Amino acid sequence: MDGNKDESEKCINIAKGCIASGHTEKAKRFLIKAQKLFPTKKAAELLESLERNTANGDAAGGDSDPKVRNRKYSQSKPSTEKEEIKVVHDYTPEQIAAVKRINGCKDVYEVLELTKEFSESDLKKAYRKLALQMHPDKNKAPGATEAFKAIGKAYSILSDKEKRRQYDLYGPEMQPSRLSRDDDFSQGYEGDISPEELFNMFFGGGFPSGNINRRHHAHSSRRQFYTYREPQQSESSLTLFFQLAPILLLVVLSLLSSFLVSDAVFSLQRTDKYVMEMKTSNLKVPYYVKEDFKSEFKSDLRRIERAVEDEYIGQLRSNCFRERNYKENLMWRARNYGDAKLYQRAMDMATPSCDNLQKVYS
C-alpha cells in the first residue's frame with residue numbers, strides 16, 4: 001500500500017539521521033521497521049552496512065557491551081527518540097478508523113453514507129465532508145490515499161444518471177463476468193475525472209495534490225468534466241431538423257405533384273391503362289388511349305393527333321441520330337484497322353428510324 005511505503009521512507013530517513021549522529025542501534029531498529037512496512041533495496045543495503053561496521057568495531061576492541069553503548073547514546077540525546085516517534089505516528093485513532101471503514105466498503109452508497117433516496121445537495125455535502133477528512137495532505141493515516149480515491153469514484157458514479165442506473169442494475173462490478181465477487185466496487189467503473197481534479201473542482205485547489213497517485217491523469221486530460229448533456233442533445237436535434245427541412249419540403253411537394261398531375265392523354269406504346277388503338281388522320285401514326293377517351297376528349301381530337309405526330313417525329317429523330325452515329329463509328333473503326341468485312345457490314349447496316357423519318361418528310 002502507498003501508506004506503508006511512505007512510512008517506510010520516513011523510517012529510512014530517521015535511520016540516516018541516527019547513523020550521522022552515531023546512534024547505530026537505533027538506526028538498525030528503524031531500518032528493520034522500514035523493511036517490515038515496505039521492503040526496499042535501500043533499507044537492506046543500509047542495514048547490511050551497519051551490521052558490517054558493527055562487526056568490524058567489535059573486532060577492533062570497541063565497547064563490547066551493548067548496554068554501555070546504548071547508555072552512552074541515550075545520555076547524549078535523551079529526547080530524540082520520542083520526538084522521532086511522534087513524527088512517524090502523526091495521525092489519530094479516529095482517522096485510522098475512518099480510513100478502515102471506507103476501504104472496507106463494497107458499495108458506493110455505503111462509502112458516502114447515503115441512502116438511495118438522496119438528493120443532489122445530500123450528495124455534495126457528503127462528498128465535501130469525507131473528502132476533507134480523507135485528503136492525504138490532511139490525513140496521514142495508512143490507506144488514506146485509497147480512501148480518498150474511493151470517495152471520488154463513489155461521487156463520480158452517483159452524480160452521473162447513467163452510471164448510477166447501471167450501478168443499481170448490475171451492482172458494483174457493472175459487468176459481472178469481468179470481475180469476481182471479492183473485487184473492489186470501483187474497478188468496474190472508470191471515472192471521467194481523477195479524484196484530485198474532482199477535489200479541486202469542489203474546493204478550488206485547497207490542498208496540493210502531490211501525494212495522490214495520478215495514474216489516470218493522461219487519460220482524464222483528454223476528457224471534459226461531467227456535465228448535463230440533455231439540453232445540448234435537444235439543441236442538436238433541433239438544428240438537424242432545420243437542416244433537413246428543405247429536403248423534406250421538396251419530398252412532400254414532389255409527392256403532392258404526383259397526386260395532382262393527371263395521366264397523359266395518349267401513349268405511343270400499349271400499356272395496361274392505354275388499351276384502345278387509334279391512328280392520326282394525317283400521318284396514320286398509331287397511338288393508344290384509355291377506354292373513356294372518346295367521351296372525354298372528342299372535341300380536342302385534332303389537337304391530340306397533332307401532339308401524337310409531334311412526339312412520334314421527335315422519337316424518330318432521336319433514334320435516327322443514334323443509328324447514324326453507330327453506323328459511322330463502325331465504319332471509322334473498319335477503316336482504322338483495315339477490316340474490309342467490318343466496313344462492308346457497316347455499309348449494309350439498316351437505319352429504320354431514318355427511313356421512316358424520310359417517309360414522313362416526303
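Here the structure is shown first, and the text comes after it.
As the structure is a prediction and not an experimental result, all values here were calculated from the model.

Colleague: Mind laying out the pairing of strand β3 (residues 286-289), listing which residues take part and the relevant values?
Modeller: Examined bridge by bridge, strand β1 (residues 266-267) and β3 share two bridges and lie antiparallel to one another. Bridge assignment links phenylalanine 266 to a residue of β3, and that residue is valine 289. Examined bridge by bridge, strand β2 (residues 276-279) and β3 share four bridges and lie antiparallel to one another. Bridge pairing in β3 places methionine 278 opposite tyrosine 287. The antiparallel hairpin formed by β2 and β3 contains six residues in its connecting segment, where lysine 284 sits at a positive phi of about 60°.

Colleague: Report on the packing of aromatic side chains, specifying residues and quantitative values.
Modeller: For the structure shown, the criterion picks out five aromatic pairs. Centre to centre, the rings of tyrosine 127 and tyrosine 155 are 5.1 Å apart; their planes meet at 40°, and the pair counts as tilted. Taken together, the residues span a long stretch of sequence, with tyrosine 127 in helix α8 (residues 120-134) and tyrosine 155 in helix α9 (residues 144-158) at a distance of 28 residues. On the accessibility criterion, tyrosine 127 (1% relative accessible area) is buried. An aromatic cluster of three or more residues is present, and its members are Tyr109, Phe118 and Tyr167.

Calculation rules
Numbers given to residues run from 1 along each chain, matching the order in which its sequence is written. In keeping with the predicted nature of the model, local features appear solely for residues at pLDDT of at least 70, side-chain atom pairs appear and are counted solely at 80 or more, and the whole-chain, interface and lining totals rest on all residues. The basis for the side-chain values is all heavy atoms of the structure; hydrogens and waters are excluded. A pair of strands counts as paired when DSSP detects no fewer than two bridges linking them. Strands are runs of DSSP state E lasting at least 2 residues, helices are runs of H or I lasting at least 4, and numbering of each runs from the N terminus. Pairs were defined over the aromatic rings of Phe, Tyr and Trp, the Trp ring being its six-membered one, requiring ring centres within 6.5 Å. Orientation was assigned from the angle between planes: stacked under 30 degrees, edge-to-face over 60, tilted for the rest. Three exposure classes are used, based on accessible area relative to the maximum for each residue type with a 1.4 Å probe and protein chains only: buried under 20%, partly exposed in between, and exposed over 50%.

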